[in-house]
Amino acid sequence: MSVDGRAGIDADLVRRLVASQFPQWRDLAVTPVKLDGWDNRTYRLGDDMTVRLPTADYYAPAVD
């Protein structure tokens, strides 16, 4: 199980990023997934979407 906040990324940061970049989704729940990878942090956004953020610059190309 992942620990929220690894690599400086936590649910609060995801909420702020979503609110600033996708205001239409700002009221959706943000919850960390139970099994998380090492290269990225993944969060559920509402019931149907996910947010995936790299834990380091060199992992960013893998997000695409």
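Attention in this report is confined to the structure presented alongside it. The numbers attached to residues start from 1 for each chain and follow its sequence in the written order. Totals for whole chains, interfaces and linings use every residue, but because this is a predicted model, local features are given only for residues with pLDDT of at least 70 and side-chain atom pairs only at 80 or more, for both listing and counting. Hydrogens and water are ignored here; the side-chain numbers use all heavy atoms of the structure.

**Points about the sheet that holds strand β1 (residues 30-32)**
Right, so step 1: Paired strands are those between which DSSP finds at least two bridges. Where helices and strands are cited, they refer to DSSP runs of H or I of at least four residues and of E of at least two residues respectively, numbered from the N terminus. Strand order across the open sheet formed by three strands is β1-β2-β3, with antiparallel pairing between neighbours. Edge positions in the open sheet fall to β1 and β3 (49-54), since each of these has one partner strand only. Neighbour to neighbour, the strand axes of the sheet diverge by 30 degrees on average, direction disregarded.
Right, so step 2: Here β1 runs beside strand β2 (residues 40-45); their pairing, made up of three bridges, is antiparallel. If you follow Pro 32 over to β2, its bridge partner there is Tyr 43.
Right, so step 3: Where helix α1 (residues 11-21) meets the sheet, it contacts β1, β2 and β3, and its direction lies at approximately 110 degrees from that of β3. Lines fitted to the C-alpha atoms define the axes, with helices restricted to the stretch that makes contact. Angles between their N-to-C directions range from 0 to 180 degrees. Residue contacts are defined here by distance: any two heavy atoms, one from each residue, within 4.5 Å place the two residues in contact.

**Re α1**
Right, so step 1: Relative accessibility decides the category of a residue: with a 1.4 Å probe and only protein chains considered, values under 20% of the type maximum give buried, values over 50% give exposed, and everything between is partly exposed. Burial in α1 covers these residues: Ala 11, Val 14 and Val 18. Projected down its long axis, α1 carries its buried residues within an arc of 60 degrees, all on one side.
Right, so step 2: Looking at the buried residues of α1, the elements they touch are β1, β2 and β3. It is the directions from the helix axis to the C-beta atoms whose arc is reported.

**Side note on the packing of aromatic side chains**
Right, so step 1: Classification of ring pairs rests on two measures: the distance between centres of Phe, Tyr or Trp rings, Trp counted by its six-membered ring, which must be within 6.5 Å, and the angle between planes, read as stacked under 30 degrees, edge-to-face over 60 and tilted in between. Applying the stated rule across the entire model yields two aromatic pairs.
Right, so step 2: Judged by centre distance (5.2 Å) and plane angle (25 degrees), the rings of Phe 22 and Trp 25 are stacked.
Right, so step 3: A residue is classified by how much of its surface remains accessible, and Trp 25, at 30% relative accessible area, is partly exposed.

Fair warning: the whole summary comes from geometry, so function is off the table for now.
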